[in-house]
Amino acid sequence: MAITNEQLFAFIRKNPIGVGCGVISLAIVGAMYFRSGNLPAVELELEQLTNEGARLSDNVKNSALLKEQLEELTAANAAIDGRLVSARGRFDNQRYFTTLAEASGAAIVSQSQTAEPKNASKGGFVNVPFNVAVQGTYPQVMDFLRRLEYGEHFARVNYSSVSKVPNDTARDNVIVTLNLELLGRP
Amino acid sequence: MLSFLKKKTDSDAVQAPAWHPNFRNYERLPDIKVVRTAFFVNGAPAFVAIVLAVYLGMREYELFSLNGQLVATQMQIDADRPASTQAVQQYRKFQEQEVRVKEVDAFLVSKALPSSLLQRFADTRPEDIALDQVDIRENGITLRGSIRGDTQEAYAQASSYIEILRNDAVLQESIEDVNAVSANPNPTTGRVSFEIFVRFKAPAAKK
């Protein structure tokens, strides 16, 4: 039983509010359909922006004392640079051990820079290796070691041997043989 | 009798024959129901339309609100970005500087200080024991020395010295164990020569 146009128009004329509301409802459903993707997209964008904002805000917050800390660290590194030996300055390096020995009262028996340093580390340092033998009384040798360990240059002793000096008439002299590295620049 | 007092039922009315033809046109007669049909025909779509409109309005308001938050967040980001960029650049420089300081620190603490060890051996050495040679290597320390006195007593003193070294609070921080390597009487000197090996603790594995 098909509805004729006349019947349809008659129905519309008879129920204008109902038909109008139906049309409005359809329009709203259509609008909801077409705009249904907007809300999730905006929510996602907001989440991303919020995360980004939180990251930037954290960066700013956490960097409150960064400038001062960086200045301190830079100053510390400048001090470190001042305490490095030069891998090429063999004579200066040998003079350093002689100075330590003179200050402690011990005597240098032998010293040599043993090998060319390997490639620089990430921080730009090289370990400059030496063999040093020092002779003196026990207190003198201990003083030499302490001056070396806490001295101007950064030192690391890989091997050390302390023994009595053979045929020592005074019987109180010892000899210390060291294989050590000084921290240096290439 | 008294049948005329009885209430007539609907079936009676239907059964009664119409006394004239029914000319009523029901389509043109007014709707006299308590709730008229027009109310449902117009009310239901209106209700649906209102509900949908309210729902759509809420969603649009939510969208509007979110867009507002987006703008506010973007403004905050724009405000923070220069300071953040500067902070990141400073932090990179900080890391570069920090690497150098850490390397120096690692260089200095990677090996034991010979002076501290020698001083400790000197402090813990019993009176009758003389240390002739101390070799400090990467994995441990070799102590060579001699002990005065009777051979049996010298052996006992060597064992006692090992226990002293093992139980020394300062050395315990860096050593794992102390072991006797050898002990031999020396007829020339009349002393007992000994050798002890002090093993360092293995360095902690890097994580």
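The structure reproduced in this document is the subject of the present report. Every value quoted in this text rests on a predicted model; they were computed, and no experiment measured them.

Take the overall build of chain A next. Within chain A one finds six helices and five strands. Reading chain A from its N end, one meets helices and strands in the order α-α-α-α-β-α-β-β-α-β-β. Here chain A has a C-alpha radius of gyration of 42 Å; the compact-globule value for 186 residues is 16 Å, and the former is much larger. By principal-axis analysis of the C-alpha atoms, chain A measures approximately 140 × 35 × 30 Å. The buried share of chain A, taken over its 186 residues, is 38%.

By volume, the largest pocket is sized at about 730 Å³. Along the walls of the largest pocket sit 26 residues, with A:Lys164, A:Val174, B:Ala130, B:Leu131 and B:Asp132 positioned nearest its centre. Of all the elements in the fold, those that place two or more residues in the lining of the largest pocket are strand S4 (155-164) and strand S5 (173-185) of chain A together with helix H3 (114-124), strand S1 (129-136) and strand S4 (191-200) of chain B. Counting residues per element, the lining of the largest pocket draws most heavily on S1(B), which supplies six residues.

Below, the discussion takes up the pattern of salt bridges. Oppositely charged side chains can form a pair if their charged atoms are brought close together. Residues and elements named next belong to chain B. Across all of its chains, the model carries 17 salt bridges over all chains by this definition. Taking the shortest distance from any N to any O, the salt bridge between glutamate 98 and lysine 102 comes out at 3.6 Å. Of the two residues, glutamate 98 and lysine 102 both sit in helix H2 (residues 37-109), four residues apart, roughly one turn of that helix. For glutamate 98, a relative accessible area of 25% corresponds to the partly exposed category. Linking arginine 120 and aspartate 168 is a salt bridge whose minimum nitrogen-to-oxygen distance equals 2.7 Å. A residue pair is termed long-range when its members are at least 10 positions apart, and arginine 120 in helix H3 and aspartate 168 in the loop between helix H4 (151-167) and helix H5 (169-172) qualify at 48 residues. Since its relative accessible area comes to 24%, arginine 120 is described here as partly exposed. Here the salt bridges do not stand alone but share partners, grouping Asp135, Arg137, Arg144 and Glu195 into one network.

This part takes up a nonpolar patch on the surface. Judged by side-chain polarity, A:Ile3, A:Leu8, A:Phe9, A:Phe11 and A:Ile12 come together as a nonpolar surface patch covering roughly 490 Å² of accessible area. Along the chain, A:Phe11 turns up in helix H1 (residues 5-14).

Here the focus is the nonpolar core. Ranked by size, the top nonpolar core spans 47 residues in total, and within it A:Leu148, A:Leu180, B:Phe121, B:Ile141, B:Leu143 and B:Val198 carry the most contacts. Dropping the residues within four chain positions of it, B:Val198 is found in contact with B:Phe121, B:Asn139, B:Gly140, B:Ile141, B:Leu143, B:Leu165, B:Ile175, B:Asp177 and B:Val178. A:Leu39, A:Val42, A:Leu49 and B:Ile77 belong to the second largest nonpolar core, which has nine residues in total.

With that out of the way, let us pick up the side chain of A:Gln113. Residue and element names in this part refer to chain A. Of note, glutamine 113 is situated in strand S2 (residues 107-113). The exposure class of glutamine 113 is buried, given its relative accessible area of 7%. A polar atom in the side chain of glutamine 113 sits 2.9 Å from the backbone oxygen of alanine 87. If we ignore the near neighbours within four places in the chain, the residues touching glutamine 113 are Ala87, Arg90, Asn93, Val128, Pro129 and Phe130.

What the rule picks out here adds up to two cavities of 30 Å³ or more. Taken together, A:Ala31, A:Met32, A:Arg35, A:Leu39, B:Leu56, B:Arg59, B:Glu60 and B:Leu63 form the lining of the largest cavity. Elements with a contribution of two residues or more to the lining of the largest cavity: helix H2 (16-34) of chain A together with H2 of chain B. Element by element, the count of residues in the lining of the largest cavity is highest for H2(B), at four residues. Within the lining of the largest cavity, the residues separate by chemical class into five nonpolar, no polar and three charged. Of the voids in this model, the second largest cavity is the one considered here, and its volume is about 40 Å³. Residue lining of the second largest cavity: A:Glu149, A:Ala155, A:Arg156, A:Val157, B:Leu108, B:Lys111, B:Ala112, B:Leu113 and B:Pro114, and that is the complete set. When the residues that make up the lining of the second largest cavity are grouped by side-chain class, the tally is six nonpolar, no polar and three charged.

Cut-offs and rules
- Residues numbered from 1 in each chain as written.
- Chains lettered and ligands numbered in written order.
- Predicted model: local features only at pLDDT ≥ 70, side-chain atom pairs only at ≥ 80, totals over all residues.
- Heavy atoms only, no water.
- Helix = DSSP H or I, 4+ residues; strand = E, 2+ residues; numbered from the N terminus.
- Rg over C-alpha atoms; globule rule 2.2 N^0.38 Å.
- Buried < 20%, exposed > 50% of the residue type's maximum accessible area, 1.4 Å probe, protein only.
- 1 Å grid on protein atoms, 1.4 Å probe; cavity = no way out; pocket = protein on both sides within 12 Å on 5 of 7 lines; lining within 4 Å.
- Points joined across faces, edges and corners; volume = space filled by probe spheres on them.
- Salt bridge = Lys/Arg side-chain N within 4 Å of Asp/Glu carboxyl O.
- Patch = residues over 30% accessible without salt bridge, like charges linked within 9 Å, V, L, I, M, F, W, Y side chains within 5 Å.
- Areas by Shrake-Rupley, 256 points an atom, 1.4 Å probe, with all protein chains shown as cover.
- Core = buried A, V, L, I, M, F, W, Y, C linked by side-chain atoms within 4.5 Å.
- Contact = heavy atoms within 4.5 Å.
- Polar contact = N/O pair within 3.5 Å; in protein donor to acceptor, adjacent residues only side chain to side chain.
- Nonpolar A, V, L, I, M, F, W, Y, C, P; charged D, E, K, R; others polar.

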